[in-house]
Amino acid sequence: MSYGLYISDGINGSVITNSNNIFNEEYEFEFTSQAIAANSSLNIQTTGAGNPALIAIEIEYPTTSSASHIDIERDPVNDILKIKNTGTSSQSFSAKLFRFQ
Amino acid sequence: MSDYGLTVYNENNGLMFDSSRKMNSYVVTEIGTGTGPNVTVGPDDFVFVKVPYGQASNLTNTVVLWSSVMTLPPTAAGFFGRTYSVTNLSANIYSTTFTSAVPVILDYFVVQHSSNVSSTDEYGLVVYNEDQTVQFDSRSIKLGQHFQITEYYQTRTVDTWSPQNGGEVLGSSGDYIEISRWTRGTIGTFEAATDIVGLDIGQRLAINYFSTEINFGNTGVGERTEGTQTGTTASNETYRNHINGMILAAVLT
């Protein structure tokens, strides 16, 4: 495809805004060592996230325990990311949101 | 959302740029074939790899990982491969042997935050976020190619490979697979245990293997020499069924 916003430095250049070839990291949704209580969940509003197939969530777990107890669900209708701690003790996680569309 | 700034949507109404959000765009900064990129890869960056043309036979049953040699100071990270072989000892009991890690030559490209790519040019397009951080800087485009994400695998959702389980093929034929965010393993001549999270690059399968088998100095069945692991039963080798990290597949456009 050859439409969209073309950026060139006079020698090199490329179309950067046609379908599906922008990849952004969004710091608004970055969490570092976020604590989440036992048997509770954290809802993150990802306004404008749009098509969930084009939104990537990278989760990092500090321990094996947290990895096995933290689940992620996405509600594309309401643009909500739900992070659940299914364990019986507090866990922590880090998360980043990426967008490619 | 602010009523000022630059917002770009694609034909599917997907948001591509929005200067009111705190975003940071990625651009391709290096494309090549070798044992690792020349640019310094930071924790925010991505490294995509695939088998070079005509090299598939040399990378059969090779698990590729992104790592650096354990020296002081550590060497720059690069591509390492460990070839594995599996022996079926009896019903559902397997023994896996990994060779020592060696540098492997792969096709690759690196994508980095646009704001992290320096330039002294005084022309171009810069898109700022509301807080004055840079969302996109056209001066970071150093190459005539961009990239397209073709598949995304959320953390812990990939069906990993094991002798008992065929695993999930990542991406499509010809895709590059990102390896810097999720692969790992010790690179050196000595290992206390074999712990490998890597990409079987020929088949595009994720492998998460661990063994605590320790029996130094011998090479018999069930014993391990430095840098080489041999498991004997399912009880001392484990193929974990998940990857703790997201995996991306992409193509150059």
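Looking at the environment of Ser100 of chain B
Residues and elements named next belong to chain B.
1) Next: Mapped onto the fold, Ser100 is located in the loop between β7 (93-98) and β8 (102-103).
2) Next: Judged by its relative accessible area of 29%, Ser100 is partly exposed.
3) Next: Distance from Ser100 to Ser119, taken between C-alpha atoms, is 41 Å for residues 19 residues apart in sequence.

Side note on the packing of aromatic side chains
Residue and element names in this part refer to chain B.
1) Next: Within this structure, the stated rule accounts for 15 aromatic pairs over all chains.
2) Next: Each ring, one from Phe79 and one from Tyr108, has its centre 5.6 Å from the other, and the planes form 55 degrees; the classification is tilted. With a gap of 29 residues between them, Phe79 in strand β6 (residues 78-90) and Tyr108 in strand β9 (residues 106-113) connect regions that are remote in the sequence.
3) Next: Exposure remark for Phe79: the relative accessible area of 0% places this residue in the buried category.
4) Next: Residues Phe109 and Tyr176 carry aromatic rings whose centres are separated by 4.8 Å and whose planes lie at 75 degrees to one another, so their mutual orientation is edge-to-face. Here Tyr176 lies in strand β13 (residues 176-178) and Phe109 lies in strand β9, a separation of 67 residues in the sequence. Here the two residues Phe109 and Tyr176 agree in accessibility, since each one is buried.

What about the confidence of the model for chain A?
Close inspection of predicted coordinates is inappropriate for parts of the model with low pLDDT.
1) Next: On average, residues of chain A carry a pLDDT of 75, and 70% of them reach 70 or more.
2) Next: Element-level pLDDT for chain A is lowest in strand β2 (residues 13-15) of chain A, with a mean of 63, against a maximum mean of 86 in strand β4 (residues 40-45) of chain A.

Observations concerning the sheet that holds strand β7 (residues 80-85) of chain A
All names here are of chain A.
1) Next: With antiparallel pairing, three strands are arranged side by side in an open sheet as β4-β7-β6. Taken across any chain shown, the strands that pair with only one partner, and hence form the sheet edges, are β4 and β6 (70-75). When the angles between neighbouring strand axes are averaged without regard to direction, this sheet yields 20 degrees.
2) Next: Bridge count for β6 against β7 is six bridges, and the pairing is antiparallel. Its bridge partner being in β7, Ile72 is matched across the sheet by Ile83.

Quick look at the nonpolar core
1) Next: Core analysis: the largest hydrophobic core is formed by 35 residues, its most contacted members being Phe23 of chain A together with Phe46, Phe48, Phe109, Phe147 and Leu248 of chain B.
2) Next: Of all the elements, strand β8 (residues 91-100) of chain A adds the most residues to this core, at five residues.
3) Next: Beyond its immediate stretch of four places on either side in the chain, Phe48 of chain B contacts Asp107, Tyr108, Phe109, Val111, Ile149, Tyr176, Ile177, Glu178, Leu248, Ala249 and Ala250 of chain B.
4) Next: Counting residues in each nonpolar core, the second largest holds 23 residues, with Trp66, Val104, Tyr108 and Ile247 of chain B among its members.

Section: the pattern of salt bridges
1) Next: Inspection of the entire model under this criterion finds five salt bridges over all chains.
2) Next: For Lys84 of chain A, the salt bridge goes to Glu73 of chain A, with nearest N and O atoms at 2.9 Å. In this pair, Lys84 of chain A is assigned in strand β7 and Glu73 of chain A in strand β6, connecting sequence segments eleven residues apart.
3) Next: With relative accessibility at 26%, the residue Lys84 of chain A sits in the partly exposed group.
4) Next: Across the pair Arg240 of chain B and Asp195 of chain B runs a salt bridge, and its minimum N-O distance is 3.5 Å. Of this pair, Arg240 of chain B sits in the loop between β18 (237-239) and β19 (247-252) while Asp195 of chain B sits in strand β15 (residues 194-200), placing them 45 residues apart in sequence.
5) Next: Judged by its relative accessible area of 25%, Arg240 of chain B is partly exposed.

Re the side chain of Ser180 of chain B
All names here are of chain B.
1) Next: Inspection of the secondary structure puts Ser180 in the loop between β13 and β14 (184-185).
2) Next: On the basis of relative accessibility, which here comes to 17%, the residue Ser180 falls in the buried class.
3) Next: Side-chain polar atoms of Ser180 contact the backbone nitrogen of Val47, separated by 3.5 Å.
4) Next: Side chain to side chain, Ser180 and Glu178 meet in a polar contact 2.4 Å long.
5) Next: Those residues in contact with Ser180, other than ones at most four positions away along the chain, are Asp45, Phe46, Val47 and Trp66.

Regarding the side chain of Asn85 of chain A
Residue and element names in this part refer to chain A.
1) Next: Positionally, Asn85 belongs in strand β7.
2) Next: Assessed through its relative accessible area of 2%, Asn85 is described here as buried.
3) Next: In this structure Asn85 touches Ile36, Ala37, Ala38, Asn39, Ser40, His69, Ser90 and Gln91, once residues within four positions along its chain are discounted.

Reading the values: the criteria
Residues numbered from 1 in each chain as written. Chains lettered and ligands numbered in written order. Predicted model: local features only at pLDDT ≥ 70, side-chain atom pairs only at ≥ 80, totals over all residues. Heavy atoms only, no water. Helix = DSSP H or I, 4+ residues; strand = E, 2+ residues; numbered from the N terminus. Buried < 20%, exposed > 50% of the residue type's maximum accessible area, 1.4 Å probe, protein only. Phe/Tyr/Trp six-rings, centres within 6.5 Å; stacked < 30°, edge-to-face > 60°. pLDDT = per-residue confidence, 0-100. Pairing = 2+ DSSP bridges. Axes fitted to C-alpha atoms, helices over the stretch in contact; angles between N-to-C directions. Core = buried A, V, L, I, M, F, W, Y, C linked by side-chain atoms within 4.5 Å. Contact = heavy atoms within 4.5 Å. Salt bridge = Lys/Arg side-chain N within 4 Å of Asp/Glu carboxyl O. Polar contact = N/O pair within 3.5 Å; in protein donor to acceptor, adjacent residues only side chain to side chain.

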